[in-house]
Amino acid sequence: MMGFPILTFITFLPVLGMILILFLKKEQTNTIKYTTLIITALQVVLAIILLANYNYSAAGVYEEKSFQFIEKFRWIEISGISWLGTVKIDYFLGVDGLSMPMVLLTALISFIATISSWNINHSLKGYFALFLLLDTGMMGVFVALDFFLFYIFWELMLLPMYFLIGIWGGPRKEYAAIKFFIYTLFGSIFILLVMIGLYFSATETLADGTKVFTFNILQLMNSSNYTSDGLLSPLNPNNLRFIAYLALFVGFAIKIPMFPFHTWLPDAHVEAPTPISVILAGVLLKMGTYGILRISYPIFPDITRDLMWWIALFGMINIIYGAFVALAQKDFKKLIAYSSVSHMGYVLLGMASLTTAGVNGAIFQMFNHGTITAMLFLIVGVVYDRTHTRGIDDFGGLATQMPAYTGFVTVAFFAAIGLPGMSGFISEALVFVGAFGVESIRILTILSTLGILLGAGYMLWTLQRIFFGPLNGKWSSLKDLEFREYAMLIPLSIIIIFLGVYPSAMLDIMNTSVNSLVNFLHTNFTATTISGF
Amino acid sequence: MTESLFTILSIIILFLPLLGFAVVLLLGKRLPKLYLFEIAVISITFLLSVIVMYFKLAYSIDRDIIASFNWITIGAAPLSGVLNIELGIKIDNVTVIMLFVVNLISMLVHIFSIEYMRGDIRYNRYFAYLGLFTFSMLGIVVTHNLLMMYIYWELVGLSSYLLIGHWFEKKSAADAAKKAFIVNRIGDIGMFIGILILFTQYKTFTFDKIFYQISQGNIPFNSEAWLTATGILIFMGAVGKSAQFPLHVWLPDAMEGPTPVSALIHAATMVAAGVFLVTRVFVMLTADAMLVIAVVGAFTSLVAATIALTQNDIKKVLAYSTVSQLGYMIMSLGVGAYVFAFFHLVTHAFFKACLFLGSGSVIHAMHHEQDIRNMGGLRKKLPLTYATFLMSTIAISGIPLTSGFLSKDGILAGTLAFGKLTGHWLIPIIGFTVAAMTAFYMFRLVILTFHGKPRDHHKYDHAHESSWVMVAPLVVLAALSIFIWYTPNPLSPDAGWFMSSWVKTPVTVVPENTRFEFMQSAVQGGESHGEIVHSPLYTETMHWAHYPAMIMSIVLAGFGILLAFTLYQWKKINADKIADRIKPLYNFSLNKWYLDEAYDATAISGTISLAKILSWFDNKIVDGAVNGSAWLGRFVSKISGLFDTYVIDGFVNFTAFFSGFIGFALRKIHTGKVQTYLVFVVFAVIILLLFFKPF
């Protein structure tokens, strides 16, 4: 693999596709669709190549040399602005065990969402162009190791998402799109502020011995790189690290979404077209927790240790609160949206434990939530396409009418409930094992187990109201799944069950890095490591 | 037979039904005869389990086979150490007996269902689900660790859900399925927390490793209270699955499933999984935990028996009788009569499966009539069903020469000894009361169903004995209710191989000061396969209890039967009049202690209300705040826009520019022109650079 810039390819391949599509005529709808399909399929192939060449024992996290598939060169260099010194920003990509599962997830979900986009019926050219741009933004976030670059990708994803909801969405699409946009932008400003603050607080030493300010995430994790008077430097007795951490956390928490910043999600989901919901739930939500693990945690281990109880608390609130609100929903899609809030709570809880089991569980849960919730939104899409309603009480007895569909629904619902034999169980169990082992958050963990019960409650109740009982006469001519829908649901079901039976396939990818991260979090930015400088 | 052969055979036994499930589920729609594959699979599984049982009990009775592999490995950081999560099997005597029982009943139910379910719209699917259930149940039986136990535990929950809801077009069936799953989950949460405690302490899920640690004095969080709590939490799993009070409410509703399913899952095997779980963790139960278990079991058996007295649905009577008998087993474990609990599990599995299948035969003959008030006189129409049903009824009532007598008598003797040793006399009192009630309501059921004159002539006239496919399983199961399979001496279970050599009370591992004094035991026969030798006091007390318990149980059962005949056969006393005289009590029993109503009024409506309140809160308050701040932003931007246009208008250029910039920016965002955003980012970066690093 040496020399071949595979990460650049996997990231910018969609942009290439977008350019191709822009050259096509509006009427060439099939060509547009197949171009997108081929591009996302190629992305999956590249992801598999990545996995095949992946070194399971390389840690990454804070150590540049153990990152894999690194691409690094000077991107922006401005010298001679007197007070700024040299501005030096790298194009720096690489993956480790934290990002590899997300890269796989992004490739997979983009491909599935492309198939799901097949019945988008107006302005296809614009839709698929934006779709591909979104794909690049997501992939870029997960492979970027330079904060500036990370931020660019983070923002890049915002723009196409806004239009995809705002143009191809449901009746209240403008409201939902604006809300999504402003809310995320609001968070981005915090991230931006902290990024700039960090830039001026830490330097990296170049090969020629000069010190320059840096956006390099890995350099920012090294407590000895901080200047003595930097605003966010641990060496500065009046530093603002605590406030910066909160700001950064809010920026990421909006994306997760964490209570109380979650209300954009139900609106965005309800209004977004099915494939965009799939992307939103499958990939975008993970960017929040990924950002925390990649940036907040290792750059601020000191604050992270102080705040772990609070993170666990919000995890618990997400789990319970999300589940209760889901229980009260009457709209199928909104219910799934709130179940996402609940399930992402497990990620927070696992992360908060700062244990290998908990963090492994959290990342695994990110992946599993991606596949399971993607499947749930596809399922909503299937029935919405046919009936143009999502009211749970409008249905009834669909199991007799659509048996194959009901089979997949059962798989997805029980996966969401955390049934053993499916991937969600392993990740939730690991989260609980990790979190329960930490005495300070044990009570919160015990309270969180209530989520298992409530999850079964709202899922099975929904299953019953939509699929069981006598068939609602209105729907006696509904057709069961068609080929395209099988093509989306079967791969996801297989992955969900495969990872439930053989979770090591995924856990082994992340384990080395998670160990390294957890170890790092417990031992760095302590009084000794900082004064030792 | 070598160990590896044992292991391989057990794994084949475990996975064959899963194969049956997968094949029949995926291809069943195309190939209508595919259910035969499932039946072939279960028959092979049964034969293999007979072989395994024979070789285990005949040749390596004192040697357990354990095989395991690492499933998940995480950790390695110096801080956490390595966590290995193992999957594995443990084949001991209890396991092979359970393999035999589960597979036998499963096979008989499969065969019975061929006829019973004929013409069902999801015929193949039904058999596929039976395969899934058998796989999950066998998993519970063979596992050597708690996590796998929990995994299969949930999987039997799933198969139970699917089978109860087999006729999901009926709302009541779908309701019952959902209720069963959710009520079970309540217990499972307790069990899960218990497992978490053990894992946190010992970094393993494996039974033997945990027990070894406890025996070395390493107890959870260094506290005996936690050890007790852990035992009770794990027991909560059994409270759900084995339908103990207060979570028993799902089981009677589960009768909405097809009757063979009730026989297999909700009478013989799955509901016994809870009892099996408690036998697995028996050695780590402290005295306090055992007392809790005994009380829950005793109370459950009493509650269920009082309800069974007045039910009119043939399956409901049997369901409550199941709950009551499960309570017996749990109580028996609580009082330390480990062997009798397991013995009763086995004997009960056979006669209760027979009763349920028999009721299925009746229901089938009566064209889905389940109300015993509309039956009567069926003995002439269904002679074989009647004979087997009667045989099993005699067994469950605890009449000598039956298996039920042997196991029940042992349990009662155990409670009596427990009462004498600890002073908790209420437990034996409840035990004996329930014995009388059991005999009464079971014979009431037999008399109202089979004796007397038919009360619904139309249905009676059309009734006819089922074909041999349905009758043969009944005969096999009824035959297994006879004492001879278990002991040569019909009055003493101890003389039998079952009690004397196959199943032994394991040595408790809890610290001495937390055991019951009478459980203080010496170990005989080596460290790993030690057999408990009870203290002389306990042995003596059991001897003392043996004959009084036997006599009392026979007398009480006889009394119950006599009363049933007096009321319903000879009608010397008018049952309705008595019911009228004690109307409140009668209604209390008929309405199942109003527990469902109580749960509806409290837990369920409470949860729904809370959900609605939180949803309102989310919509109005949390989202309201978001929309409010958006409104505020728009307002400010409008004001500054106006300010810009009318007041400033060239006043101070910088101020005008600045507020105009804000107004412009916010307005633009609100109107959706987002393309300009990246430009702003660049501006913002420059401005912020200026802020952070002034010249």
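Everything numeric here is computed off the predicted structure, so don't read it as measured data. (Residues numbered from 1 in each chain as written. Chains lettered and ligands numbered in written order. Predicted model: local features only at pLDDT ≥ 70, side-chain atom pairs only at ≥ 80, totals over all residues.)

## Quick word on the overall build of chain B
Right, on to step 1. When helices and strands are counted, chain B shows 27 helices and four strands.
Right, on to step 2. Projected onto its principal axes, the C-alpha coordinates of chain B cover approximately 110 × 65 × 55 Å.
Right, on to step 3. Within chain B, the proportion of its 695 residues that are buried is 54%.
Right, on to step 4. Counted over contacts in chain B with a minimum sequence separation of 6, partners at least 24 positions apart contribute 77%. (Helix = DSSP H or I, 4+ residues; strand = E, 2+ residues; numbered from the N terminus. Buried ≥ 20, exposed ≤ 12 C-beta atoms within 10 Å, placed from the backbone. Contact = placed C-beta atoms within 7 Å.)

## Side note on the interface of chain B and chain A
Right, on to step 1. At the interface, 51 residues of chain B touch 55 residues of chain A.
Right, on to step 2. Listing elements by their share of the side of chain B that touches chain A, those giving two or more residues are β1 (65-75), α5 (146-164), α6 (171-202), α25 (595-648), α26 (653-671) and α27 (677-692) of chain B.
Right, on to step 3. Broken down by element, the residue count for the side of chain B that touches chain A peaks at 13 residues, all from α6 of chain B.
Right, on to step 4. Considered class by class, the residues forming the side of chain B that touches chain A number 35 nonpolar, seven polar and nine charged. (Nonpolar A, V, L, I, M, F, W, Y, C, P; charged D, E, K, R; others polar.)

## Here we look at the nonpolar core
Note that soluble globular proteins tend to have their nonpolar side chains buried in a common cluster.
Right, on to step 1. If you look at the biggest cluster of nonpolar residues, it comprises 448 residues, and the most contacted ones within it are V103 and A412 of chain A together with A353 of chain B.
Right, on to step 2. In this view, V103 of chain A contacts A47, L50, V95, M139, F142 and V143 of chain A; residues no more than four positions away in its chain are not counted. (Core = buried A, V, L, I, M, F, W, Y, C linked by C-beta atoms within 7 Å.)

## So, helix α16 (residues 383-397) of chain B
All names here are of chain B.
Right, on to step 1. For α16, built from 15 residues, the straight-helix expectation of 21 Å at 1.5 Å per residue is met to within 8% by its first-to-last C-alpha distance of 21 Å.
Right, on to step 2. Burial analysis of α16 places eleven of its 15 residues in the buried class, the great majority of the element.
Right, on to step 3. For α16, every residue scored as buried is listed here: T385, Y386, T388, F389, M391, S392, T393, I394, A395, I396 and S397.
Right, on to step 4. After α16 finishes, the residue G398 shows a positive phi value of roughly 80 degrees. (Expected span 1.5 Å × (residues − 1).)

## Side note on the confidence of the model for chain A
Right, on to step 1. The share of residues in chain A with pLDDT of 70 or more is 97%, and the mean pLDDT across the chain is 90.
Right, on to step 2. Helix α3 (residues 100-116) of chain A holds the highest mean pLDDT among the elements of chain A, 95, whereas helix α22 (residues 527-531) of chain A holds the lowest, 62. (pLDDT = per-residue confidence, 0-100.)

## With respect to helix α4 (residues 123-142) of chain B
Right, on to step 1. When the terminal C-alpha atoms of α4 of chain B are compared, their 29 Å separation across 20 residues agrees well with the 28 Å that a helix rising 1.5 Å per residue should span.
Right, on to step 2. By the criterion of burial, α4 of chain B is predominantly enclosed, with 18 of the 20 residues buried.

## Describing the environment of I164 of chain B
Residues and elements named next belong to chain B.
Right, on to step 1. Note that I164 resides in helix α5.
Right, on to step 2. Sequence separation of I164 and H266 is 102 residues, and the distance between their C-alpha atoms is 9.6 Å.
Right, on to step 3. In this view, I164 contacts A173, A176, A177, A180, A254, E256 and G257; residues no more than four positions away in its chain are not counted.

## Thoughts on unusual backbone geometry
Right, on to step 1. Note the cis peptide between F259 of chain A and P260 of chain A, where omega equals 0 degrees.
Right, on to step 2. Turning to its location among the elements, P260 of chain A is positioned in the loop between α9 (241-255) and α10 (264-271).
Right, on to step 3. Each neighbour pair has its own omega, and for F245 of chain B with P246 of chain B the value is 5 degrees, a cis peptide bond.
Right, on to step 4. Structurally, the position occupied by P246 of chain B is in the loop between α8 (224-241) and α9 (250-253).
Right, on to step 5. Positive phi, close to 55 degrees, is recorded for K203 of chain B, a residue that is not glycine.
Right, on to step 6. Within the secondary structure, K203 of chain B is located in the loop between α6 and α7 (207-215).
Right, on to step 7. Owing to 19 C-beta atoms within 10 Å, K203 of chain B belongs among the partly exposed residues under this scheme.

## Examining the packing of α5 of chain B against α6 of chain B
Residue and element names in this part refer to chain B.
Right, on to step 1. Put simply, α5 and α6 touch, their axes get as near as 9 Å, and they point 175 degrees apart. In this view, α5 runs roughly antiparallel relative to α6, as classed from their interaxial angle. Facing L146, L147, Y150, W153, E154, G157, S160, Y161 and I164 of α5, the residues of α6 in contact are A173, A176, A177, A180, F181, N184, D188, M191, F192, I195 and L198.
Right, on to step 2. Residues that form the contact of α5 with α6 fall into these classes: 15 nonpolar, three polar and two charged. (Axes fitted to C-alpha atoms, helices over the stretch in contact; angles between N-to-C directions. Parallel < 35°, antiparallel > 145°, perpendicular 65-115°, else oblique.)

## Re the environment of E115 of chain B
Residues and elements named next belong to chain B.
Right, on to step 1. The residue E115 is located in helix α3 (residues 93-116) in this model.
Right, on to step 2. In sequence terms E115 and S466 are 351 residues apart; their C-alpha atoms lie 8.6 Å from each other.
Right, on to step 3. Not counting chain neighbours up to four residues away, the residues in contact with E115 comprise S466, S467, V469 and M470.

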